[in-house]
Amino acid sequence: MKDRILTIAKEIRPQIEALSDAIYANPELGNREYKSSELHAELLKKHGFTVQKPYLGLPTGYRAEYRSPKPGPHICYMAEYDALPGVGHGCGHNMLGATSVAAGILLKNLVDETGGWAVVLGTPAEETNGAKVEYAARGAFRDLDAAIICHPTSQEYYKSGASLAMETIEFEFFGKAAHAASEPEMGINALDAVLLTFSNINALRQQTKPDARIHGIITEGGEACNIIPEHCVCRFYVRAGKKAYLKHLYQQVINCGKAAAAATGCKLQMRPFELGYDDLATNQRLDSLFAECLGEFSSAKVEDPGEASGSVDAGNVSYVCPTIHPYFPITKKSIAGHTREFAACTQTEYAKDRMMETACAMALTGYRIITEPQTLAEIRREFKALK
Ligand SMILES: [Zn+2]
Ligand SMILES: [Zn+2]
């Protein structure tokens, strides 16, 4: 099977490189990836996929499917193609998306014999309002058996690690303006409510678990020193290792805002100001299967990624479908993500070699899930235990 995959990979490589390079040359921000998503859809159609676009109401989202006439598991590769302001494809999503498209096309060439489906999901706006959150909530993964995405990084291959669950909250306090010197007793100070919210949260920090992260800013803090501020606003990101604990922590943060409103006499309105992300619950069996498959195409060691730091929208997928989010290197050097230098790495032969071997490993992973019922049963058992 390895040789068969390598032969097809060699044939499609020029098209995959052209896809990655064209998107690199024309970076589009989240939810505005019109050309990028169209290039994906065109290539997948050319290879026999049926493409729904727009998908679930997102104009730059798509779902491409190739269904074998025979039954079997449904394997999904998730593709991103959004860029960053100022630094273009500083996160390498031009290459990430092309890798998933390649994996989908490779698997498509195998499923006529094995059964099953090859699915590529185009997931817009990972850097801002990640579409995977909406997809997961609206049942996009209901009929899928595994969801796989591999992200570019520097230096090493990394296993699919963990990411932090995250929620956002905006507190808006309404007080009463008054002359700050002559009639302060007539006022209700909304800035004090904001400052007390920060103080309450700082007091809370002593009783939080080590993985808790609460970080905020004041977006409105009053108009003039001689007016008691009547309208002030602050915003926080609240993060934790697991979404179960995050739920509790989030409620504690809300209580900090409510207490501040009570102490000052302000009215309080609150709302999430961006989509929240679940933590990434990596399916370990699926991750070890991917590492085994990668070993067929690369001699590189797959490293442990260490502790969770950021948050990814694939986290939400991991609670509705067995999911992995490992990393492949696009440079041997240590280069920070979200930079022009990192974007430029996607243009090198080194990166393109790694992209193709990663796509081959993703396809072989899908093939093995389809042809090894025992492996799929193990993946499912682990996923059920998570729920
Ligand atoms: Zn990024
Ligand atoms: Zn990224």
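Quick look at the structure, then. In this text, all values refer to a predicted model and were calculated from it rather than measured experimentally. Along each chain, the written sequence defines residue order, and numbers are assigned to residues from 1. Naming scheme: in the order in which they are written, chains are lettered from A and ligands are numbered from 1. Local features in a predicted model are, by the rule used here, given only for residues with pLDDT of at least 70; side-chain atom pairs are given and counted only at 80 or more, and totals for whole chains, interfaces and linings are based on all residues. Hydrogens and water molecules were not included; the side-chain quantities draw on all heavy atoms of the structure.

### A word on the packing of helix α1 (residues 2–25) against helix α10 (residues 349–371)
Consideration 1: Comment: axis = line fitted to C-alpha atoms, over the contacting stretch for helices; angle = value between 0 and 180 degrees taken between N-to-C directions. Put simply, DSSP marks the helices as runs of H or I at least four residues long and the strands as runs of E at least two long, and each gets a number from the N terminus on. Direction vectors running N to C along α1 and α10 enclose 125°, while the axes themselves pass 10 Å from each other. By the criterion of interaxial angle, the relationship of α1 to α10 is oblique. The handedness of the crossing between α1 and α10 is right-handed. Every residue of α10 that contacts α1 at Ile-5, Leu-6, Ala-9, Ile-12, Arg-13, Ile-16, Glu-17 and Asp-21 is listed here: Glu-349, Lys-352, Asp-353, Met-355, Met-356, Cys-360, Ala-363 and Leu-364.
Consideration 2: Looking at the contact of α1 with α10, its residues break down into 10 nonpolar, no polar and 6 charged. Angle categories: roughly parallel below 35 degrees, roughly antiparallel above 145, roughly perpendicular from 65 to 115, and oblique for all the rest. Each crossing gets its handedness from the near helix: less than a right angle anticlockwise from the far helix is left-handed, clockwise is right-handed. The contact criterion used is simple: two residues touch if any of their non-hydrogen atoms lie within 4.5 Å. Put simply, Ala, Val, Leu, Ile, Met, Phe, Trp, Tyr, Cys and Pro go in the nonpolar bin, Asp, Glu, Lys and Arg in the charged bin, and everything else, Gly too, in the polar bin.

### Some remarks on the coordination of the zinc ion (ligand 1)
Note on metal sites: the ideal angle is 109.5 degrees for four tetrahedral donors, and 90 or 180 degrees for six octahedral donors.
Consideration 1: Water is absent from the atoms considered, so a metal site may look incomplete; donors are defined as N, O and S atoms within 2.8 Å of the metal, or 3.2 Å for Na, K and Ca. In this structure, Cys-91 (SG), Glu-127 (OE), Glu-127 (OE) and His-338 (NE2) serve as the protein donors to the zinc ion (ligand 1), at separations of 2.1 to 2.8 Å.
Consideration 2: The coordination sphere of the zinc ion (ligand 1) comprises 4 donor atoms, whose angles at the metal cover 51 to 145°; the geometry is irregular.
Consideration 3: The sequence pattern describing where the donors of the zinc ion (ligand 1) fall on their chain is C-x35-E-x210-H.
Consideration 4: The two metals, the zinc ion (ligand 1) and the zinc ion (ligand 2), are separated by 3.2 Å and share Cys-91 as a common coordinating residue. Placement of Glu-127 in the loop between β4 (117–122) and α4 (131–137) and of His-338 in the loop between β14 (327–329) and α9 (340–345) is noted, with a sequence separation of 211 residues between them.
Consideration 5: Each residue is placed in one exposure class: buried if its accessible area under a 1.4 Å probe, protein chains only, is under 20% of its type's maximum, exposed if it is over 50%, and partly exposed if it falls in between. Look at His-338 and you get partly exposed, because its relative accessible area is 40%. A four-donor site is called tetrahedral if each angle lies between 85 and 135 degrees; a four-donor site is square planar, and a six-donor site octahedral, when trans pairs exceed 155 degrees and the remaining angles lie between 65 and 115; all other cases are labelled irregular.

### A word on the coordination of the zinc ion (ligand 2)
Consideration 1: The protein atoms that coordinate the zinc ion (ligand 2) are Cys-91 (SG), His-93 (NE2) and His-151 (NE2), at distances of 2.1 to 2.4 Å.
Consideration 2: Sequence positions of the residues that donate to the zinc ion (ligand 2) give the spacing C-x1-H-x57-H.
Consideration 3: Residue class for His-93 comes out buried when judged on its relative accessible area of 0%.
Consideration 4: The buried category is assigned to His-151, whose relative accessible area is 9%.

### Some details on helix α2 (residues 34–46)
Consideration 1: Multiplying one less than the number of residues by 1.5 Å gives the expected span of a helix. For α2, which comprises 13 residues, the first-to-last C-alpha distance of 18 Å matches the rise-based estimate of 18 Å (1.5 Å per residue) to within 8%.
Consideration 2: Restricting attention to buried positions, one finds in α2 the residues Ser-36, Ser-37, His-40, Ala-41, Leu-43 and Leu-44. Within α2, the buried residues cover an arc of 165° as seen down the axis, which keeps them to one side. In α2, those exposed residues whose orientation departs by more than 90 degrees from the buried face are Lys-35 and Lys-46.
Consideration 3: Contacts from the buried residues of α2 go to α1, β1 (50–52), β2 (62–67), β3 (74–79), α3 (93–114) and β4.
Consideration 4: A positive phi of about 95° marks Gly-48, the residue just after α2. Read the arc as the range of directions from the helix axis to the C-beta atoms.

### Observations regarding the environment of Ala-18
Consideration 1: Among the secondary structure elements, Ala-18 is positioned in helix α1.
Consideration 2: A relative accessible area of 44% places Ala-18 in the partly exposed class.

### Overview of the packing of aromatic side chains
Consideration 1: Aromatic contacts are taken between Phe, Tyr and Trp rings whose centres are within 6.5 Å, Trp giving its six-membered ring; a plane angle under 30 degrees counts as stacked, one over 60 as edge-to-face, and the others as tilted. A full pass over the atoms with the stated rule returns 7 aromatic pairs.
Consideration 2: When the centroid spacing of 5.2 Å and the interplanar angle of 80° are considered together, the rings of Tyr-55 and Tyr-135 count as edge-to-face. With Tyr-55 in the loop between β1 and β2 and Tyr-135 in helix α4, this pair connects stretches of sequence that are 80 residues apart.
Consideration 3: Given the relative accessible area of 6%, Tyr-55 is considered buried.
Consideration 4: Given a relative accessible area of 0%, Tyr-135 falls into the buried group.
Consideration 5: An angle of 70° between the planes, with centres 6.1 Å apart, marks the rings of Phe-171 and Phe-236 as edge-to-face. With Phe-171 in strand β8 (residues 165–174) and Phe-236 in strand β10 (residues 231–240), this residue pair connects regions lying 65 residues apart in the sequence. The two residues Phe-171 and Phe-236 agree in class, both being buried.

### So, the nonpolar core
Consideration 1: Formed by 61 residues in total, the largest nonpolar core has its most connected members in Ile-16, Leu-44, Phe-49, Tyr-62, Val-101, Leu-106 and Leu-107.
Consideration 2: The biggest single contributor to this core is α10, with 12 residues.
Consideration 3: The contacts of Val-101, once residues within four sequence positions are left out, are Ile-16, Leu-19, His-40, Leu-43, Leu-44, Tyr-62 and Val-120.
Consideration 4: In terms of nonpolar packing, the next biggest core, distinct from the first, is built from 26 residues, Leu-204, Val-238, Ala-240 and Val-253 among them. By nonpolar core is meant a set of buried Ala, Val, Leu, Ile, Met, Phe, Trp, Tyr and Cys residues that side-chain atoms within 4.5 Å join together.

### Description of the environment of Tyr-34
Consideration 1: Residue placement: Tyr-34 occurs in helix α2.
Consideration 2: The sequence separation of Tyr-34 and Tyr-81 amounts to 47 residues, and the corresponding C-alpha distance is 10.0 Å.
Consideration 3: Dropping the residues within four chain positions of it, Tyr-34 is found in contact with Glu-28, Lys-53, Pro-59 and Thr-60.

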